[in-house]
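Residues per chain are reported as follows:
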Amino acid sequence: ILPSEVAKELQVNGQSTPRNYESVPVMFTDFKGFTTLADKLSPRELVEELNACFIAFDNIIGKYKLEKIKTIGDSYMCAGGIPSPDEKRVSNIVKAGLEIQEFIRVNNMRRVEMGSEPWDIRIGIHVGPVVAGVVGKKKYAYDIWGSTVNIASRMESNGEPGQINLSETTYLLIKDIYHCTYRGKIYAKNV
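Residues numbered from 1 in each chain as written. Predicted model: local features only at pLDDT ≥ 70, side-chain atom pairs only at ≥ 80, totals over all residues. Heavy atoms only, no water.

Engineer: Please set out helix H4 (residues 89–113) residue by residue, giving values where relevant.
Structural biologist: Relative to the 36 Å expected for 25 residues at 1.5 Å per residue, H4 spans 36 Å between its end C-alpha atoms, a close match to the ideal helical length. Once H4 finishes, glycine 115 follows within two positions and takes phi at roughly 85 degrees, a positive value. (Helix = DSSP H or I, 4+ residues; strand = E, 2+ residues; numbered from the N terminus. Expected span 1.5 Å × (residues − 1).)

Structure below.
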């Protein structure tokens, strides 16, 4: 539930010190039209499908040394380079996003073959400063805050299904590694 070094700090000190990080890639995913999809499935089918997706996402981000922050409904949030620094954090989060897309593409082929509707995913990534720390007492939660989180969320919500929507900041950091297509200026609240 907690990053190992944060858990150790809690065990030793009884608390964890919040930290500032200057350049953290944050990724959000969510399924377009999820509420409509959810209404068509039994509770069991819904949770089993969502669980299968999130387990796959967990495995993918683990492969790239990213930190799962949380899930909220059908949304999945992760970050790179926290709490442990990682020079490859930005390219790794993009790789993870591409692998998540591929997992969903293959999973949707299976769903369609079974006569089920595909689940279209949107992914957004932004890089910037965050504050990270542990909140809560009954159920500890390692979380991150700041405008970077809000912008990453807006990148996702303004994205197109099957695509990764990058902020300009993110693009400038990965443009020499990945081929990107400019979508034009997109209005995003408070950005």
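Engineer: Account for the state of the cysteines, with residues named and values stated.
Structural biologist: Enumeration over the complete set of coordinates arrives at 0 disulfides. There is no disulfide at cysteine 78, and the cysteine sulfur nearest it, in cysteine 53, is 15 Å away. Judged by its relative accessible area of 0%, cysteine 78 is buried. (Disulfide = S-S within 2.5 Å. Buried < 20%, exposed > 50% of the residue type's maximum accessible area, 1.4 Å probe, protein only.)

Engineer: Can you explain the confidence of the model for the chain? Please cite residues and give values.
Structural biologist: Looking at the chain, pLDDT values average 93 and 98% of them are 70 or higher. Within the chain, the lowest mean pLDDT, 83, falls on helix H1 (residues 4–13), and the highest, 98, falls on strand S3 (residues 75–80). (pLDDT = per-residue confidence, 0-100.)

Engineer: Requested: an account of unusual backbone geometry, with residues and values cited.
Structural biologist: A cis amide bond links isoleucine 82 to the next residue, proline 83, at an omega of -10 degrees. With respect to the helices, strands and loops of the structure, proline 83 is situated in the loop between S3 and H4. One non-glycine residue with positive phi stands out, namely lysine 65, at about 55 degrees. If you trace the backbone, lysine 65 turns up in the loop between helix H3 (43–63) and strand S2 (66–72). Exposure remark for lysine 65: the relative accessible area of 65% places this residue in the exposed category.

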